[in-house]
Each structure stands twice: as C-alpha cells, then as structure tokens.
Number of protein chains: 2
Amino acid sequence: MLKEKSLLMIPGPTPIPPQVVAAMTQPMINHRGEVFVSLFKEVSTSLQRLFRTEQPVYVFPGAGSGGWEAALVNTLEPGEIVLIVTIGDFGDRWVKVAGALGYTVERLTYEPGQAAQPADLAERLAANPAIRAVAFQHNETSTGVTNDVRALAATAREYGALVLVDSVSGLGALPLEMDAWGLDVVLTGAQKALMCPPGLSVIAFSERARERAFACKTPRFFWDIKAAHNGYLKHQTPYTPAVTEWYALQAALRLIEAEGVENGWKRHALMGAMARAGVKAMGLQLLATDEAYASNSVTAVVAPIEPKILRKVARDGFGVQLAGGQAKLEATIFRIGHLGYVTPNDVILALAATEMALAKAGYPVEVGAGVKAAMQVWLENA
Amino acid sequence: MLKEKSLLMIPGPTPIPPQVVAAMTQPMINHRGEVFVSLFKEVSTSLQRLFRTEQPVYVFPGAGSGGWEAALVNTLEPGEIVLIVTIGDFGDRWVKVAGALGYTVERLTYEPGQAAQPADLAERLAANPAIRAVAFQHNETSTGVTNDVRALAATAREYGALVLVDSVSGLGALPLEMDAWGLDVVLTGAQKALMCPPGLSVIAFSERARERAFACKTPRFFWDIKAAHNGYLKHQTPYTPAVTEWYALQAALRLIEAEGVENGWKRHALMGAMARAGVKAMGLQLLATDEAYASNSVTAVVAPIEPKILRKVARDGFGVQLAGGQAKLEATIFRIGHLGYVTPNDVILALAATEMALAKAGYPVEVGAGVKAAMQVWLENA
C-alpha cells in the first residue's frame, strides 16, 4: 500500500526537501553568465560558513569518491607516503584509491565498531617521519562510528603531516571546524547532510594545502585544485558546472542557514541519542564498541536475525527503508540512517518498523519498547 | 527544527504526493485542444471507477461547498422541500446553503458523535410526503462519524426521495457504491482522499437526477449540470477548466488506480483502527458514541486538556499538525486526520506527538502506550 511513500532511512542518498526539488525545476541558464556568477557567490559563501573556513570551497560535478582523489593528487607528489587511518569500509576504499593512484600507502586499521586513537596515530607518525599526509574519515558510514577529528588532526599536525578529512557523512550533521581544528582538506558529497541529490563533490583546501596544490607535480586534470581555484577567483568553475545541482545546493544551503548550523548539529545529536536509546531498549547491540564514538548521523546495529530479511519486512511491510551492512559486515549488521532532511519523527518510524519487522519475523521483541525509549529521549530534550 | 517538515494530519487539505506536484509543473495547454480532450477522457473514466458509477462525473473549478449548491439547484424546484440530516457542522452548513438558496428545509439533527438512524429518517419521510430530497454527509468531518449511506439511501428511496450525498471526506477513503446503493448525487472535493490541492468540486448525478436537472427551472448558471453534461458529451467543460488541477487529478487517480480502490479503503480502515486503538490506550475518549460508526478518515477525540495548547505543542514541539474542533466543539475536541496520501506510519507519528504533547503539558499519560497499541493493530493486519 502506497509503497512509493516508503521512508528512506539509509545513510545517503538522503530524502530531498521539496524546496530543493522546486529549485531544480528552474530553467537552464548560461553557465558563464551573470546569473550563474550570483549563484556561485551565494553558494560559495554559504559553504564557507558550513565548513567553518575562510578558505574557498570548491564544487565539482562528481561524488564523494572524487574528493578522495582530489585530496591526494593535489597534495602528494608521485611516490610520497600517505597514512590512511581506516575504521571501516570507506577507509578501506580510500586506501584502494591511493594505491590505484600510485602512492605509497601506510594503513592504521581498526576493528569495525572502533574509533581511531590519537596515541596510535602518534606512534605511527613517530616511526616514519616520511609520512606526508594523514587521511581519515570524520564519520565512518559503514560502522556508525565518528572519529575525534580534532584530536587526530592535532596529532597529525604535531608531526608535520597534512590532514585530509573525508566528512561525506559528517559535514552538516556533526560538529566540524575546518580552520579552528587545522584541517587541510575537507571533502563531502551533496547527497548526505547537504540534502541534495547525488552528483556533487564539495571540497575545501587550507591555505597550506592549496599552496601545495599549486606546486604539486602529480599529473591531473579534472580534480586539479589549481584550475578550480583560478576559476573560483572569477566566480567560475574550470569546466561546465552541474547547474541544476547548484540550484539544489543553493536551496538546501538556505534551509541549513535558516535552521542554523549548530541547530542542525543538535538535531542530529538528538536523533542519534533517540536511535541508540531505541535500539538498546529493544535489547539489541550497537556495533560501536564505545558509545562515546557512536555516530549521530547513522546508527549501526548488530542484527539479531538475517539483516536482509529484517530490511525486506521493514520496507515491504512497514514502509521504512533501512540500510544493510557493507563488505564483510553485510551478514551481521543493519543501519539506520538519520542525517540530512530527517527529523526525530523519522527516527521513531525507523524504530517502529524495526520492532514490527522483528516481531513479524518471529524474533522475541517487546513491540513498542524501542519507540517508547526514543520518545522519552525526545521529551527530555524538548 | 526543520519546522517545514511538519506532518499534516488534518482532515484536509491532505498531503500531496510528489507525483501530483510533478504533474502540476507541466506547461499550460489550450483547454479546447486535443491534449485536454485526452486528459478529460482519462480523468472522467477513472472517476467513474472511483465513484462506482456508470454515469458521468463532472469536475468544476470550486470547492466541496459548491457541490452542495449544485446538488440542490439542479434537483429541486424553487420552494421544494429538502430534508437535511445533520450529525455535525458540515450538515449544519448544508442547511444554511439550502436556506440561502430559498428552499424549504427540514432538519433531522443528531448530537455530535452520533450517526443518523434510518428509522428516524423513515419516520420523518412518512410524516411529510412532500419531501423531494434527502441530503446527508457520508462522513461528518467535524465529528469523525460515518453514516450508513447504504441504509439511509435505501430508506429515502423507499419514500421516493432523491438521495444527495456529501462524500467530501469519504470518497476514496471509505466504501461507497454510487450505482449499487442508488445514490442520486455524490459530491466531493479534490483536497481529501483525492490527494490534490483544494480547487475542484467533483460531482456525479444518477440518471434520474440528471433528468431532473434537465427539467429543473431553478435559475442557475455556474453549477448547471445541464451545461456540464452537454460539455461532457464532447469531452469538454462548459467554461474554463482548472487545467493544472486536472493534471494533478490525473496523477492522483493514477496512484489511486495503482493502489486499487478497495486496497485504499483497507488502508484507511487500518489507519482508523490504529488511531482508535492508540487513543483508547492513552485513556482518552472518542467523540463517536458508537465505535461502529467511528470514521476511518478522521478520528475525533475528547481533549483532556485545552485543545489549542495540545495542538500547539504537538506542532511546534513534535512536528505534527493535528486538527481542532469546529464550531461548538472548538474547545472540547481535537481531531487526527488520516485520509489521502497518508500511511499507517503517519498515524503512529500523530499518536506519538499527541502523547508527547500531553506529557509535555503535564497531563498524566503513559508515553508510548498509544503508539504501542497502534503498532499491535498494524502487526495483526500485516
């Protein structure tokens, strides 16, 4: 019944506000004309406020994965060493990207559910002073764990390494202060807390990272920050921008500014707390080994039944799309995405669907217990 | 936070599916051209399936209230008597319309919460054989009570009276069989279970009612069914149709047909049962005196606190818009609308918001009890 009204509770792509949909119905424009320049200016300054940076934020047609490449090819010379901290599947993927690009990769790897520890990072950096950059996820979407970006960045800087941060499922949802925390590259995509359809790669470089980019000899074209920056100075992009996505981003950023960036963080913190309270009240276990690092944009849960069955019943029977696990976690976890154009009410429905799907599948769950716990968390914060 | 994502749970206007929104972005067309003729044909035949009639269904730019006028001025000569059965505010309004138009009105009135009884109707018709038509609501939106249309219609026909039915908050949500039940006029609006924006009055006439319309001497122009019918035969409207609303209606009817009319009735029955179970589990009282007549499109509840406060907290604090009471019920009830583009998940959220708003306002409610009861009803029917 009304299957197309199914609630999308995966950690991206996330639901799109009607204002963003409406923005995308605007007629096409000359991407080298005055209208685009004005769009460029508004979006760029709004992104700076969101990234918490005085530096330019570049918008590429692409995806988060393109940001990984841009971060590397603009800051590292061929053959240089990057230490990639991986706490899950997206960390592993960044390792593959760096390898494909010919860089020497060191890995600092954690078990799924764990967050990276600055002490481990310091040890690795002390052992190899040739490491030029440290790369890690702000929020590991595959495990529902948030790294302590500030502490990791401080450690990396102590050893003179550049700090490359993938904040695809973090930026806009979780606190991040690019300039104050000394981050060199911060990248995200359009389809997470930015509430837009997929199709954009959004990247900011610190001043020293940009200087490195201007000097860097690594062969590159599409992801060249030098070209992006030279275009930026003229309020232009180096090649055809995804105009309609820019309109979407403009509309989304207006909503984000209307809510207030900090209020957005608070909303996501509330949703994370509700999801965790609900899951625990159902007697289920979080994948995050230490709840202090549990993500406020996606909650990963150890599945008490085959996750594919749970998700199918939740979707077909109760109208909520939950996410599965990735890679080696495919058979063991499910995830509740709660970032972007999502409210505490959506978390209630995700928990209700989880409970009803478990009950329907014969798993002994006290129907209503998780929802009740989440409602209580909301009430305490309302 | 994200106030514009507030869930609209009032008994109309109801939420609009994205497919309907998209349909309304189509370019304007010549309303006398071939494209409109094809739109007219599709919408008309689909409406016949929804009204369960072989007779034409006429679409006017207007509102449900216009249907009241159309029903009267086309079937009653000046000065003739209509018996209006009123079980709430919308019945009272139809009485006023009939009075304004100069008809002689008899009233059969019930207390709010009660449904009309065929025996009472028979008594009134027996007492006055001059009554030409009986008019009543299929579903009284103001009290959340559904009349037994079939039984009332059978009684009216027994006494030779025309049967005029306002199904504004019924059609598409609650079972109605225009031809099989012998209904003479059935009217609705676009903004209820038809899932469109307000702006249309949709009306069907039985063959005998249409014959009456062709003979009727009551002065009329806009609501003249003779003109509408003559246009209908040429797949046209007598004056400019609301083209974009027709596109919306086309998209909505496609969704209705995709779900299946009976499946839509079942969905509304489930939502009604969930709402009632939830409300009772909270210890609250339905306005409907006999639950057998409680509406599956809107649930009216005796408010345990000032309804304005309850609704304000539910809306501002918990993102759900509940409806208040109308006219003399304003200070005593609140209503949960659950018709149209609404799912059982939306009912869960309406109940959650009600519970949290009551708790927040200091009323002793066991938070989660109502939601749990509703989830159990869904599970039993899933």
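Here, the structure is the one placed above.
Conventions used here
Residues numbered from 1 in each chain as written. Chains lettered and ligands numbered in written order. Predicted model: local features only at pLDDT ≥ 70, side-chain atom pairs only at ≥ 80, totals over all residues. Heavy atoms only, no water. Helix = DSSP H or I, 4+ residues; strand = E, 2+ residues; numbered from the N terminus. Buried < 20%, exposed > 50% of the residue type's maximum accessible area, 1.4 Å probe, protein only. Areas by Shrake-Rupley, 256 points an atom, 1.4 Å probe, with all protein chains shown as cover. Salt bridge = Lys/Arg side-chain N within 4 Å of Asp/Glu carboxyl O. Pairing = 2+ DSSP bridges. Contact = heavy atoms within 4.5 Å. Buried area = accessible area lost by both parts, 1.4 Å probe. Least-squares fit on C-alpha atoms with pLDDT ≥ 70 in both. Axes fitted to C-alpha atoms, helices over the stretch in contact; angles between N-to-C directions. Parallel < 35°, antiparallel > 145°, perpendicular 65-115°, else oblique. Left-handed = near helix turned anticlockwise from the far one by under 90°. Phe/Tyr/Trp six-rings, centres within 6.5 Å; stacked < 30°, edge-to-face > 60°.

Attention now moves to the overall build of chain A. For chain A, the helix and strand inventory stands at 13 helices and 15 strands. Along the three orthogonal principal directions, the C-alpha set of chain A runs to about 60 × 55 × 35 Å. Within chain A, the fraction of its 382 residues that count as buried is 62%. For chain A, the exposed area adds up to about 13600 Å²; of that, 53% sits on carbon and sulfur atoms.

Before going further, it helps to spend a moment on the pattern of salt bridges. Residue and element names in this part refer to chain A. Following the criterion strictly, the structure yields 38 salt bridges over all chains and no others. For Glu262, the salt bridge is made with Arg52, and the minimal N-O distance between the two is 2.7 Å. Residue Glu262 is found in helix α10 (residues 261-281), and its partner Arg52 is found in the loop between α2 (34-51) and β2 (57-61); the two are separated by 210 residues along the sequence. When its relative accessible area of 40% is taken as the criterion, Glu262 is described as partly exposed. For Arg52, a relative accessible area of 23% corresponds to the partly exposed category. When the shortest N-O distance is used, the salt bridge between Lys280 and Glu291 registers 2.8 Å. Residue Lys280 is located in helix α10, and its partner Glu291 is located in the loop between β11 (285-286) and β12 (298-302); the two are separated by 11 residues in the primary sequence. The structure contains a network of salt bridges with shared partners spanning Arg52, Glu177 and Glu262.

Let us look at the pairing of strand β8 (residues 162-166) of chain A. All names here are of chain A. In terms of burial, β8 is a largely internal element, 5 of the 5 residues being buried. Relative to β8, strand β5 (residues 131-137) is paired through 5 bridges, and the arrangement is parallel. Looking across to β8, one finds that Ala133 is bridged to Leu162. Relative to strand β9 (residues 185-189), β8 runs parallel, the two being bridged by 3 bridges.

Right, let's get into the interface of chain A and chain B. Across the contact, 36 residues belong to chain A and 36 residues belong to chain B. Both faces considered, chain A and chain B share a buried interface measuring about 3300 Å² in area, 73% of it formed by carbon and sulfur atoms. For the interface between chain A and chain B, the tally reads 4 salt bridges. Across the salt bridge formed by Asp346 of chain B and Lys5 of chain A, the nearest N and O atoms sit 2.6 Å from each other.

Right, let's get into the relation of the copies chain A and chain B. A rotation about an axis combined with a shift along that same axis relates the two copies of the chain. Once chain A has been moved 0.0 Å along the axis and rotated by 180°, it coincides with chain B to within an RMSD of 0.0 Å. Overall, the copies show the geometry of a two-fold rotation axis. Taking C-alpha positions as the reference, the residue of chain A nearest the rotation axis is Gly368 of chain A, at 3.4 Å. By residue overlap, the copies meet face to face through one surface: 100% of the interface positions of chain A are interface positions in chain B.

So, on to the packing of helix α3 (residues 64-73) of chain A against helix α4 (residues 89-100) of chain A. All names here are of chain A. Relative to each other, α3 and α4 sit at 50°, their axes nearing to 10 Å. Compared by their axis directions, α3 and α4 come out oblique. Crossing of α3 against α4: the hand is right-handed. Residue-level inspection shows Trp68, Glu69, Ala71 and Leu72 of α3 in contact with α4, the latter providing Phe90, Arg93, Trp94, Val97 and Ala98.

Attention now goes to the sheet that holds strand β14 (residues 323-324) of chain A. Residue and element names in this part refer to chain A. One open sheet holds the 4 strands; their spatial order is β11-β12-β15-β14, and the pairing between them is antiparallel. Two strands close off the open sheet at either side, each with one partner strand: β11 and β14. The pairing of β14 with strand β15 (residues 333-337) spans 2 bridges and is classified as antiparallel. Opposite Gly324, over in β15, you have Phe334 as the bridge partner.

In this section: the packing of aromatic side chains. When we look at a pair of aromatic rings, we describe it by the centre distance and by the angle of the planes. Residues and elements named next belong to chain B. Throughout the structure, instances matching the rule amount to 27 aromatic pairs over all chains. Between the aromatic rings of Phe40 and Trp246, the centroid separation amounts to 5.3 Å while the plane-to-plane angle is 20°, which identifies the pairing as stacked. Taken together, the residues Phe40 in helix α2 (residues 34-51) and Trp246 in helix α9 (residues 243-259) connect sequence positions 206 residues apart. Residues Phe40 and Trp246 agree in their burial class; the two are buried. Centre to centre, the rings of Tyr58 and Tyr232 are 5.9 Å apart; their planes meet at 80°, and the pair counts as edge-to-face. Here Tyr58 is found in strand β2 (residues 57-61), whereas its partner Tyr232 is found in helix α8 (residues 225-232), with 174 residues between them in sequence. On the basis of relative accessibility, which here comes to 14%, the residue Tyr232 falls in the buried class.

Purely geometric stuff here, so don't read any function into it on its own.
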